[in-house]
Amino acid sequence: MGNTITDVIKQYGGDETRLMDILIDIQAAQGYLSDSAITQIARALGIPQVDVEQTVSFYHFFAREPRGKYAIYLNDSVVAEFNDRAGVAKALEEAAGCSFGQVSPDGLIGLFPTACIGMSDQEPAALINEVVFPRMTPAKARALVAGLKAGQAVADLAGTDFGEGQNAHPLIRSTVRNNIRLRGDMVFDRYEPGAALRRAVSMSSREIIAMVKAASVRGRGGAGFPTGMKWEFARKAPGDVKYIFCNADEGEPGTFKDRVILTELPGLVFEGMAVAGYAVGARHGILYIRNEYRYLRPYLESVLTGMREQNLLGAYIAGKAGFNFDIKIQFGAGAYVCGEESALIESAEGKRGEPRDRPPFPVEKGYLQKPTVVNNVETLCSVVQVLVKGVDWYNSLGTPESKGTKVLSVSGDCDKPGIYEIAWGFSVNDILKMVGARDVQAVQVGGPSGACIAPAEFSRTLAYEDLATGGSLIIIGAHRDLLKDVVLNFARFFREESCGSCVPCRALTVMAQRVMEQIVAGKGTPTDLARFVEWASIMKKNRCGLGQTALNPIITTLRNFKPLYDRRIAVGDDRFMPTFDLAAAVRDYDEAVKGP
Amino acid sequence: MATFVKFTLNGVECLAEDGTQLVEAAAENGVFIPTLCNYPGIPPKGSCRICTVLVNGIPVTACTTRVVEDMKVQTSTPELESFRKSVVEILFAEGNHLCPSCEKSGSCELQALAYRYRMTVPHFPYLFPKRDVEAWHPKILKDHNRCILCKRCIRGIHNKDGKALFAFGKRGDRLVINIDPETSRDVSDELVQKAMAMCPVGAILKKEKGFDVPIGSRKYDVAPIGSEVEG
Ligand SMILES: Cc1cc2nc3c(=O)[nH]c(=O)nc-3n(C[C@H](O)[C@H](O)[C@H](O)COP(=O)(O)O)c2cc1C
Ligand code: SF4
Ligand code: SF4
Ligand code: FES
């Protein structure tokens with residue numbers, strides 16, 4: 001076994017910045033990262049073992065103890081809960097003979113919860129050794145465990161009911177579905193590989209940036225930063241070595257559009273990265289993609305190989321002397337915060353995904369302290385189409401401040417969950433009609449970090465100037481318990497995913513979850529509600545967007561669904577502590593007096 | 001040659017060397033900005049957030065911000081002061097801080113700031129976490145109950161080979177400081193002493209040392225925190 005570790009480390013040139021790759025490969029070979037593996041890795045890389053531990057213990061999918069020959073990670077997102085996750089979990093526990101968080105006595109099966117795995121339109125979904133099992137039911141769960149016990153291969157157990165399009169590709173063979181319900185004019189329109197690059201090389205880098213600016217392309221990853229401006233900063237930043245990152249971390253619960261884009265149009269995304277490389281003067285591209293999408297790896301690698309063969313990557317791209325650009329794939333290991341661009345960079349450098357202080361911004365000092373552009377998958381697609389179809393075409397779509405289209409991930413209580421590419425400016429009502437949603441209590445726009453809106457606001461439009469969104473809509477039906485099924489789930493999510501660096505984020509996510517639990521249990525007080533508002537203002541001073549938005553699920557429901565809270569608040573005299581349980585407090589005494 | 005820049009500090013025009021850390025630049029001009037994770041001479045990491053000030057109206061951490069020409073800095077507003085008090089209270093509610101029995105009492109920055117902000121009772125729910133006291137190391141005692149996870153020890157303490165002795169483990173509310181058994185093996189008494197002094201609270205202790213300064217003579221018995229700047 002010892003040789004595996006040395007071999008893997010040699011393969012990565014003994015480079016400590018490749019620690020993520022090293023850990024992923026060693027865990028794949030040995031099942032988990034043992035004490036002796038940690039010590040060996042540290043010695044071979046010449047770094048302290050606490051530093052290795054620091055990276056390992058940060059990520060959800062790195063295991064320090066055996067997690068079973070088959071570790072089953074069952075998604076615990078809101079939408080999974082809507083679709084009988086509890087029933088599936090119970091069936092798994094009964095069949096496997098162990099509870100969640102444990103490994104079966106024979107060491108065969110481990111059961112673990114995991115945050116949204118990007119399958120919200122086909123929940124509940126589970127991950128087993130890189131294979132996705134969407135649309136689980138209790139019956140399927142029992143059959144699955146029986147199959148594993150009988151020694152069947154995981155891939156065989158997933159079956160051959162492959163999803164549409166490239167999901168059936170020989171290198172993917174996944175039962176995951178695309179569910180593309182509406183193809184828009186941009187991302188899911190026709191795409192001719194290489195057209196944008198050929199156009200790009202006929203222009204100067206300045207001209208390309210001017211074009212992206214003229215089209216006013218804005219980031220699709222959530223923040224909406226002007227892409228042309230970002231590229232210009234990076235182009236002007238001093239230094240010969242620069243990097244282009246494509247952010248495919250897609251950890252915001254309810255979001256799965258980047259998965260579908262990367263399944264159907266990886267060439268479009270990679271071409272966008274190459275165009276960015278040309279515009280910025282970068283030779284290296286890195287696709288940072290979440291571990292949950294590892295089943296796409298052989299396919300994505302083959303697409304990269306194909307592009308090198310067609311001279312769309314590599315040296316002398318599209319026949320242009322001096323235009324060299326290539327792309328490598330970097331996997332994460334389970335951490336929502338790694339979608340934040342500076343945490344993503346830290347992670348790609350082999351460290352824990354702790355966001356950096358700004359300034360300096362990534363465009364000045366990013367990956368390995370070099371100027372770095374980080375763009376969302378969809379942003380890069382937009383740029384390709386701007387180059388091919390032109391600025392005027394792009395500007396003819398959308399609203400005055402939001403040009404082009406937006407790919408939406410729609411999930412929750414509706415007939416047709418899936419992918420919808422719309423021009424910016426559609427109202428929430430338009431979308432609800434399109435997806436077949438009735439009796440809607442609320443819509444979670446932009447994931448937990450976004451806003452939970454009530455029907456009174458459904459006439460609002462999706463646009464940077466109104467409801468800005470990274471593109472996810474979770475539809476919550478009238479029959480749901482909004483505070484328990486949704487808000488509490490999100491509160492737990494943020495507590496779990498905080499990197500822990502900032503004091504308010506680390507502590508208030510825990511406190512907010514506890515108070516929310518009390519409210520749901522009918523033990524909240526009016527003071528608790530006032531507290532939330534005060535806490536939200538404290539949270540605004542955290543370092544990164546995670547902490548700054550972590551109380552949004554509570555704050556936006558408090559604003560839009562106040563009666564739901566009031567109904568659960570212990571009314572009457574606020575001087576009493578509804579959380580105080582007299583019986584529990586005197587239990588020891590009672591037992592001592594009366595005997596147990 | 002150092003170049004000096006003009007900037008405004010609470011409405012008063014001041015001078016500082018270009019690029020000076022805002023905490024220092026303010027101190028040089030007689031204005032105290034409280035800090036917990038910042039420590040002179042080691043790279044800043046804005047994690048406690050207590051040094052938050054307004055630069056041109058926008059909240060930023062003063063330990064990670066450098067002075068530039070014409071910067072307008074506001075270090076004290078009712079909202080900022082109340083935020084700072086909250087940070088201190090949150091830290092008390094988050095860990096297990098039993099000041100009267102702590103070796104660092106009287107010299108603890110967290111305790112001193114609690115006095116400065118007149119903390120009486122924390123307005124945040126106590127978390128009462130279960131944490132360890134780690135005593136396997138021959139020279140270092142690590143009391144996790146008191147650790148505020150400021151990262152000073154990670155950033156500031158290295159052995160002769162420049163390797164870290166401390167690092168984070170886990171994340172979120174499970175975050176913890178780990179001690180490296182190898183890099184800390186031959187740690188000198190001086191380095192442990194340095195780590196203990198650098199730790200703002202009593203989370204790193206040198207074994208067989210403690211309570212060695214009588215009450216009345218401890219650091220903040222003599223002069224309250226901030227007085228070194230404010231006079
Ligand atoms: C906690 C957190 C998670 C994020 N996750 C993602 C993500 O999964 N994908 C993404 O593109 N951007 C994500 N972002 C935004 C990125 O920091 C960054 O703004 C974006 O990748 C920039 O690309 P764009 O300008 O093309 O949108 C996240 C931000 C935060 C604070
Ligand atoms: S806000 Fe939260 S997630 Fe972001 S850096 Fe601070 S502690 Fe980490
Ligand atoms: S041990 Fe002390 S210096 Fe290290 S993180 Fe904890 S409080 Fe900070
Ligand atoms: S002292 Fe600046 S953030 Fe802690």
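About the cut-offs
- Residues numbered from 1 in each chain as written.
- Chains lettered and ligands numbered in written order.
- Predicted model: local features only at pLDDT ≥ 70, side-chain atom pairs only at ≥ 80, totals over all residues.
- Heavy atoms only, no water.
- Pairing = 2+ DSSP bridges.
- Helix = DSSP H or I, 4+ residues; strand = E, 2+ residues; numbered from the N terminus.
- Axes fitted to C-alpha atoms, helices over the stretch in contact; angles between N-to-C directions.
- Patch = residues over 30% accessible without salt bridge, like charges linked within 9 Å, V, L, I, M, F, W, Y side chains within 5 Å.
- Areas by Shrake-Rupley, 256 points an atom, 1.4 Å probe, with all protein chains shown as cover.
- Salt bridge = Lys/Arg side-chain N within 4 Å of Asp/Glu carboxyl O.

(A) Expanded view of the pairing of strand β1 (residues 4-9) of chain B. Residues and elements named next belong to chain B. Here 6 bridges tie β1 to strand β2 (residues 12-17), and the two strands are oriented antiparallel to one another. The partner of Thr8 across the bridge, within β2, is Glu13. Between the antiparallel neighbours β1 and β2 lie 2 residues, among them Asn10 with a positive phi of about 50°. Sheet topology note: the β1/strand β5 (residues 72-74) ladder contains 2 bridges and is parallel. By the bridge assignment, Thr8 is partnered in β5 with Lys72.

(B) A look at the sheet that holds strand β3 (residues 126-128) of chain A. All names here are of chain A. Spatial strand order, β2-β1-β3-β4: 4 strands in an open sheet with mixed pairing. Among the strands making up the open sheet, the edge pair consists of β2 (109-114) and β4 (131-133). For this sheet, the mean angle separating the axes of adjacent strands, direction not counted, is 25°. The sheet contact formed by β3 and β4 spans 3 bridges and is antiparallel. Looking across to β4, one finds that Ala126 is bridged to Phe133.

(C) Layout of unusual backbone geometry. All names here are of chain A. Going from Glu123 to Pro124, the amide bond is cis rather than trans, its omega being -5°. When you line up the elements, Pro124 lands in the loop between β2 and β3. Backbone torsion omega between Pro359 and Pro360 reads 0°, so that peptide bond is classified as cis. Positionally, Pro360 belongs in the loop between α15 (341-348) and β9 (372-376). Positive phi, normally seen in glycine, also occurs at Asn129, with a value near 40°.

(D) Examining a nonpolar patch on the surface more closely. On the surface, Met577, Phe580, Leu582, Val586, Tyr589 and Val593 of chain A cluster together to form a nonpolar patch covering roughly 670 Å² of accessible area. Take Tyr589 of chain A: it is sitting in helix α26 (residues 587-594).

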